[in-house]
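A closer look at the structure
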Amino acid sequence: MLLLAFETSCDETSAAVVEDGRRVRSLIIASSSAAFTASGGVIPEEAARRQVECILPVLHQALAQASVSIQDIDALAVTRGPGLLGSLLVGTTAARALARLWKKPLIGVHHTLGHLSSPWLELPENDEPTFPVLTLSASGGHTDLWLRSAHTRGRLIGRTRDDAAGEAFDKGASLLGLPYPGGPSIAKAAEHGNPAAFSFPLPLKKEDTLDFSFSGLKTALRYTIRDLPSVRPNLMSHVSHLPSPAPLPVADLAASFQAAIVEHTVDRLLAALAHHPEVSEVHVVGGVSANTALRLALRERIPVRTLHFPQRLVFCTDNAAMIGAAAEFLHRELGERAFDPFTTEASLPLGDALMNCES
Ligand code: KG4
Ligand code: ZN
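Conventions we followed
Residues numbered from 1 in each chain as written. Chains lettered and ligands numbered in written order. Predicted model: local features only at pLDDT ≥ 70, side-chain atom pairs only at ≥ 80, totals over all residues. Heavy atoms only, no water. Helix = DSSP H or I, 4+ residues; strand = E, 2+ residues; numbered from the N terminus. Expected span 1.5 Å × (residues − 1). Buried < 20%, exposed > 50% of the residue type's maximum accessible area, 1.4 Å probe, protein only. Arc of directions from axis to C-beta. Pairing = 2+ DSSP bridges. Axes fitted to C-alpha atoms, helices over the stretch in contact; angles between N-to-C directions. Contact = heavy atoms within 4.5 Å. Donors = N, O, S within 2.8 Å, 3.2 Å for Na, K, Ca; no water. Tetrahedral: all angles 85-135°; square planar, octahedral: opposite > 155°, others 65-115°. Phe/Tyr/Trp six-rings, centres within 6.5 Å; stacked < 30°, edge-to-face > 60°. Near = heavy atom within 4 Å. Polar contact = N/O pair within 3.5 Å; in protein donor to acceptor, adjacent residues only side chain to side chain. Areas by Shrake-Rupley, 256 points an atom, 1.4 Å probe, with all protein chains shown as cover. Nonpolar A, V, L, I, M, F, W, Y, C, P; charged D, E, K, R; others polar. Core = buried A, V, L, I, M, F, W, Y, C linked by side-chain atoms within 4.5 Å. Left-handed = near helix turned anticlockwise from the far one by under 90°.

1. Considering helix 6 (residues 215-227)
Helix length check: helix 6 (13 residues) gives 18 Å between terminal C-alpha atoms against 18 Å at 1.5 Å per residue, within 8%. All of the buried residues along helix 6 are Leu-217, Lys-218, Ala-220, Leu-221, Thr-224 and Ile-225. Within helix 6, the buried residues cover an arc of 160° as seen down the axis, which keeps them to one side.

See the structure below:
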């Protein structure tokens, strides 16, 4: 199928034309994340307002870049949730109106199923992944471990108990005075830092679980910063002969904090593989899968032949191409039922991401 897909769940407005769930004929992403650098996080009302401004220009650019007209499109697809309700409503309202106007079927897609489908985008034809696949989906909103027997079938075998991995990067960056989004800014600061300069505890070390926990790392970073001599409140600052406080060692703190997140993630994936020897390949998706240190550590330490990341960095973070791929797979596995009407939901149970989800 040739699908026109939309993704508007947070602060990206994206449209794409995707062929057969694999070939990305066009992908346009307008991000308003720069508007939230100072606030340290997305302001939902502002994100929704930006979605309204961007949705039609992004649609026109996606069709133009793919050199297709409406007649060529077989179906539309859109993220139905979870995410920020205002942002989601812009995408789903646009997609519903266009589908009706152009008399095309519309497929509502769970955002997480989009991420799970992203490794297939631009994958060479002879490189077909074989199920069962163990997928870590790590982004700003969720950190989940899925064991999948097909694109839309599987079981949630682990999830974060508190913050998501991307959220840990975002909160850590805010503590270090680095701009939002925190993942890329921590990764950049870490390039010049020593990952062994500070040590952070490995979360859930003693528990027999495949769950994640990142909030303890964030608290440990807060206390590490608080206890540094350089940032102690200088109560004697009026005494001019005392030395002024040293600057915060941001590069070392960023490198060590990133190393702790990477270590916890690798540790969980190794535990999951030990529990599930039937797994034939591992996929790592979502915004955090763009992290170079994580990719290097996984390539070194994950003992499976096939480790897939999305083919392009732009497929890791939120984008409409992954929604087009997921819609294609939903249609293949559900047939016409994929076109059923759907609601737009800010919180959508994880079970709705996959059929036959046993979690
Ligand atoms: O998948 P995504 O675009 O949106 C959600 O579904 O949440 O993920 C965004 C998250 C943010 O928390 C961001 O800080 C993180 O992914 N991220 C990264 C990197 N690029 C984005 N984290 C670590 N390293 C990166 N290079
Ligand atoms: Zn996402």
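More follows now that the structure is in view.
2. A closer look at the sheet that holds strand 5 (residues 106-110)
Taken in spatial order, the 5 strands line up as 3-2-1-4-5 in an open sheet, and their pairing is mixed. Looking along the sheet, the strands with just one partner apiece sit at the ends: strand 3 (23-31) and strand 5. Across the sheet, the axes of successive neighbouring strands diverge by a mean angle of 20°, strand direction being ignored. Judged from the 6 bridges that link them, strand 1 (residues 2-7) and strand 2 (residues 12-19) form a sheet pairing that is antiparallel. Counted as the bridge partner of Leu-4 is Val-17 from strand 2. Of the strands in this sheet, strand 1, strand 2 and strand 3 touch helix 1 (residues 44-66), which is tilted by about 25° from strand 2. In this fold helix 2 (residues 85-102) packs onto strand 1, strand 4 (75-81) and strand 5, with an angle of close to 155° to the strand it touches most, strand 4.

3. Some thoughts on the coordination of the zinc ion (ligand 2)
Around the zinc ion (ligand 2), the protein contributes the donor atoms His-111 (NE2), His-115 (NE2) and Asp-318 (OD), at 2.0 to 2.1 Å from the metal centre. One way to put it: the 4 donor atoms around the zinc ion (ligand 2) meet at angles of 97 to 137°, and that makes the site irregular.

4. Digging into the packing of aromatic side chains
Between two aromatic rings, the relevant description is the distance of the centres plus the angle of the planes. Inspection of the entire model under this criterion finds 4 aromatic pairs. Both rings, one in Phe-200 and one in Phe-257, keep their centres 6.1 Å apart while their planes meet at 80°; by these two values the pair is edge-to-face. Within this pair, whereas Phe-200 is found in the loop between helix 5 (182-190) and helix 6, its partner Phe-257 is found in helix 7 (residues 250-275), the two being separated by 57 residues in sequence. Residues Phe-200 and Phe-257 agree in their burial class; the two are buried. Between the aromatic rings of Phe-212 and Phe-214, the centroid separation amounts to 6.0 Å while the plane-to-plane angle is 15°, which identifies the pairing as stacked.

5. Some points on unusual backbone geometry
The omega torsion across Gly-81 and Pro-82 is -10°, close enough to zero to call that bond cis. Within the secondary structure layout, Pro-82 lies in the loop between strand 4 and helix 2. Going from Phe-131 to Pro-132, the amide bond is cis rather than trans, its omega being 5°. Inspection of the secondary structure assignment puts Pro-132 in the loop between helix 3 (111-117) and strand 6 (133-138). Here Asp-20, not a glycine, exhibits a phi torsion of approximately 55°, which is positive. Among the secondary structure elements, Asp-20 is positioned in the loop between strand 2 and strand 3. The phi dihedral of Leu-204 is positive, around 55°, even though this residue is not glycine.

6. Structural notes on helix 5
Where helix 5 is concerned, the buried positions are Gly-182, Gly-183, Ser-185, Ile-186, Ala-189 and Ala-190. Residues of helix 5 that are buried make contact with helix 4 (165-175) and helix 7.

7. Digging into the site of ligand 1
Lining the immediate surroundings of ligand 1 are 19 residues, of which Gly-140, Asp-170, Gly-183, Asn-291 and Asp-318 lie closest. Taking His-111, its side chain carries an N or O atom lying 3.2 Å from an oxygen atom of ligand 1. Interatomic distance of 3.1 Å between a backbone N/O atom of Gly-166 and an oxygen atom of ligand 1. Within the complex, the protein chains bury 87% of what would otherwise be the 560 Å² of accessible surface of ligand 1. Secondary structure elements with two or more residues in the shell around ligand 1: helix 3, helix 4 and helix 5. Of the residues belonging to the shell around ligand 1, the class tally is 6 nonpolar, 11 polar and 2 charged.

8. Details of the sheet that holds strand 6
Pairing is mixed across the open sheet formed by 5 strands, whose spatial order is 8-7-6-9-10. Each edge of the sheet is formed by a strand with only one pairing partner; in this case those strands are strand 8 (153-159) and strand 10 (306-308). The average angle at which neighbouring strand axes cross in this sheet is 20°, direction not considered. When strand 7 (residues 143-150) meets strand 8, the two strands line up antiparallel, connected through 6 bridges. The partner of Trp-146 across the bridge, within strand 8, is Leu-156. Against the sheet, helix 7 contacts strand 6, strand 7, strand 8 and strand 9 (281-285), and its axis sits at roughly 155° relative to strand 6.

9. Looking at the nonpolar core
Counting 47 residues, the largest nonpolar core has Leu-134, Leu-145, Leu-269, Val-282 and Leu-298 as the members making the most contacts within it. Where this core is concerned, the elements lending two or more residues are strand 6, strand 7, helix 4, helix 5, helix 6, helix 7, strand 9 and helix 8 (292-301). If you tally residues by element for this core, the top one is helix 7, at 11 residues. Excluding anything up to four places from it in sequence, Val-282 contacts Leu-134, Leu-269, Leu-273, Ile-302, Val-304, Thr-306, Leu-307 and His-308. Membership of the second largest hydrophobic core comes to 26 residues, among which are Val-24, Ala-75, Ala-320 and Phe-329.

10. Notes on the packing of helix 7 against helix 8
Following both chains from N to C, one finds helix 7 and helix 8 inclined at 35°, their axes separated by 10 Å at the closest point. At the point where helix 7 passes helix 8, the crossing takes the right-handed sense. Across the interface between the two elements, Gln-258, Val-262, Glu-263, Thr-265, Val-266, Leu-269 and Leu-270 of helix 7 pack against Ala-293, Leu-294, Ala-297, Leu-298 and Arg-301 of helix 8. Of the residues assigned to the contact of helix 7 with helix 8, the class counts are 8 nonpolar, 2 polar and 2 charged.

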